[in-house]
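# An overview of the molecular structure
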Amino acid sequence: MEELFKFLGGSVLLLGCVSYIIKSIISQQLTKDLALYKSELNSKNDLELEKFKHNLYMTATDFEKRVQILHEKRASIIAELYTKLIEFINAASIYVTDPGEPGSKNIDNDKAMECLKDAKALNQHIDINRIYFTEELCRMIDSLSGAISSSITILNIRLKAT
């Protein structure tokens, strides 16, 4: 019986040592695998982060280019608006200085037609490009456009009277 206890004690002791060794080997292998997995994950993460940063930079650059193009186009449209406004003012001032009397034969149809043409071109430019103007500028343009429209109406009446 004593021999049985010795055998069982030795077997349990041997089984305990073997299981501890196996546990240590598995634990060590899992630790290695975990470290390797963390390393791979960090590498992939760093790579994805760099890709994201690059894409973000490209998107920001593209946006800046679009904004710059929009501002350039807007500046061009405002410059064209100013040109058309000056042309209208010049034509209107020439017509207003010597329009002739209503109903008389002294009305200069060429001056009147030039003024009318410039007013229509100005109004058309305003209507087509309204999206490029600020709200405040749109209000000012609406006020100006109303005055121009009423002037066009009066001019048309004067032209028909001749």
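Note that the coordinates shown come from a computational prediction; the quantities given were computed from them, not determined experimentally.

Summing up its helical and strand segments, the protein has three helices and zero strands in all. Put simply, the protein runs from its N terminus to its C terminus through helices and strands in the order α-α-α. Burial analysis of the protein (162 residues in total) assigns 19% to the buried set. For the protein, the share of sequence-separated contacts (at least 6 apart) that also reach a separation of at least 24 residues comes to 73%.

With respect to the helices, strands and loops of the structure, Asn123 is situated in helix H2 (residues 109-128). Ignoring sequence-local partners within four residues, the contact set of Asn123 consists of Ser145, Ile148, Ser149 and Ile152.

The next thing to look at is the pattern of salt bridges. Close approach of charged atoms allows side chains of opposite charge to pair. Here the structure, examined in full by the defined rule, presents five salt bridges. A salt bridge links Lys53 to Glu50, with the shortest nitrogen-to-oxygen separation between them at 3.9 Å. One end of the pair is Lys53 and the other is Glu50, both in helix H1 (residues 2-97) and three residues apart, which spans about a single turn. The exposure class assigned to Lys53 is partly exposed, which follows from its relative accessible area of 45%. A salt bridge links Arg66 to Asp62, with the nearest nitrogen and oxygen atoms 3.3 Å apart. Of this pair, Arg66 and Asp62 are both found in helix H1, four residues apart, which corresponds to roughly one turn of the helix.

On the surface, Met1, Leu4, Phe5, Phe7 and Leu8 cluster together to form a nonpolar patch covering roughly 610 Å² of accessible area. Inspection of the secondary structure assignment puts Phe5 in helix H1. Here Phe5 falls in the exposed class, since its relative accessible area comes to 58%.

Helix length check: H2, at 20 residues, gives a terminal C-alpha distance of 28 Å against a target of 28 Å (1.5 Å per residue), a fit within 8%. Those residues of H2 not exposed but buried are Ala112, Cys115, Leu116, Asp118, Ala119, Leu122, Asn123, His125 and Ile126.

With 16 residues, the main nonpolar core has Leu81, Phe88, Leu122, Phe133 and Ile148 as its most contacted residues. In this structure Ile148 touches Phe88, Ala119, Leu122 and Asn123, once residues within four positions along its chain are discounted.

What follows concerns the confidence of the model for the protein. Residues at a pLDDT of 70 or more form 88% of the protein, whose mean pLDDT is 84. The least confident element of the protein, judged by mean pLDDT, is helix H3 (residues 135-161) at 77; the most confident is H1 at 89.

What counts and what doesn't
- Residues numbered from 1 in each chain as written.
- Predicted model: local features only at pLDDT ≥ 70, side-chain atom pairs only at ≥ 80, totals over all residues.
- Heavy atoms only, no water.
- Helix = DSSP H or I, 4+ residues; strand = E, 2+ residues; numbered from the N terminus.
- Buried < 20%, exposed > 50% of the residue type's maximum accessible area, 1.4 Å probe, protein only.
- Contact = heavy atoms within 4.5 Å.
- Salt bridge = Lys/Arg side-chain N within 4 Å of Asp/Glu carboxyl O.
- Patch = residues over 30% accessible without salt bridge, like charges linked within 9 Å, V, L, I, M, F, W, Y side chains within 5 Å.
- Areas by Shrake-Rupley, 256 points an atom, 1.4 Å probe, with all protein chains shown as cover.
- Expected span 1.5 Å × (residues − 1).
- Core = buried A, V, L, I, M, F, W, Y, C linked by side-chain atoms within 4.5 Å.
- pLDDT = per-residue confidence, 0-100.

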